[in-house]
Amino acid sequence: LRHDRDILDDSPAGLGLVVHNVPEGAVPNCGLIVARWPMGAMLLAHAQDIAEYRAASGKPFRRSAWWEQAAVIQALGGDPDANEVRTIDAEGFAPLPYEWNPHRHDARGIPDNARCFHATMYDDRRGAMVRAVEWSQQREAVLCQTMPATMRGSCAIAAGLTGTMC
């Protein structure tokens, strides 16, 4: 939704994901991941190993709809089957600022400074995504009109103003 900051600037750790505050606890969202080499890649590989082992051994995660989040929680040293999930402070992991992937069911809601749009919790996902893209294009078009001509290329694609990309 916003293109004025690089996600890497907000992710100093090896692995960065937004952690959602939902009724089930503090759940990392695997929909948007920043994995820096080598620590982030190792944590994701460990999570994949955990998921494959549990599937092969007939010990699925209790919340099967969250299998990838559950595997990441376990890879970070947490208990994905706990009644209240807690994302612990693990070496190489730091939560991304919430604005990078806000979630409709998170207690914090959708902030005005949201950078990405999380469509999975909408009944009409396609319609919700179309509205988010339209909102982003309108916002970027306004920004392009107010910024110096030398800087306009950075928002050209999102605003649909030109076919160039900087």
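None of these values were measured; they are calculated from a predicted model.

Caption draft 1: Examining unusual backbone geometry more closely. Between Trp37 and the following residue, Pro38, the backbone shows a cis peptide bond with an omega angle of 0°. The topology assignment puts Pro38 in the loop between β4 (34-35) and α1 (39-56).

Caption draft 2: Summary view of the sheet that holds β4. Strand order in the open sheet formed by 3 strands is β4-β1-β5, and the pairing between neighbours is mixed. Taken across any chain shown, the strands that pair with only one partner, and hence form the sheet edges, are β4 and β5 (93-95).

Caption draft 3: Examining the pattern of salt bridges more closely. Using the criterion set out here, one finds 6 salt bridges in the structure. Salt bridges sharing common partners tie together Asp4, Arg5, Asp10, Glu99 and Arg115.

Caption draft 4: Summary view of the environment of Pro12. For Pro12, the position within the fold is in the segment before β1 (15-17). Accessibility expressed as a relative area gives 73% for Pro12, which makes it exposed. In this structure the C-alpha to C-alpha distance between Pro12 and Val34, which are 22 residues apart in sequence, comes to 9.5 Å.

Caption draft 5: Expanded view of the nonpolar core. Ranked by internal contacts, the top residues of the largest apolar core, which has 16 residues, are Leu15, Leu17, Val72, Leu76 and Phe93. Counting only elements with at least two residues in this core, the list comes to β1, α1 and α2 (67-75). Excluding its chain neighbours within four sequence positions, the residues that come into contact with Leu17 are Pro28, Asn29, Cys30, Leu32, Ile33, Val72, Phe93, Ala94, Pro95 and Leu96. With 7 residues, the next largest nonpolar core counts Leu32, Val34, Leu96 and Tyr98 among its residues.

Caption draft 6: The pairing of strand β3 (residues 25-28), seen in detail. In terms of strand pairing, strand β2 (residues 19-22) meets β3 through 4 bridges, oriented antiparallel. For Val22, the partnering residue across the bridge sits in β3 and is Gly25. Linking β2 to β3, which pair antiparallel, is a turn of 2 residues.

Thresholds, definitions, all that
Residues numbered from 1 in each chain as written. Predicted model: local features only at pLDDT ≥ 70, side-chain atom pairs only at ≥ 80, totals over all residues. Heavy atoms only, no water. Helix = DSSP H or I, 4+ residues; strand = E, 2+ residues; numbered from the N terminus. Pairing = 2+ DSSP bridges. Salt bridge = Lys/Arg side-chain N within 4 Å of Asp/Glu carboxyl O. Buried < 20%, exposed > 50% of the residue type's maximum accessible area, 1.4 Å probe, protein only. Core = buried A, V, L, I, M, F, W, Y, C linked by side-chain atoms within 4.5 Å. Contact = heavy atoms within 4.5 Å.

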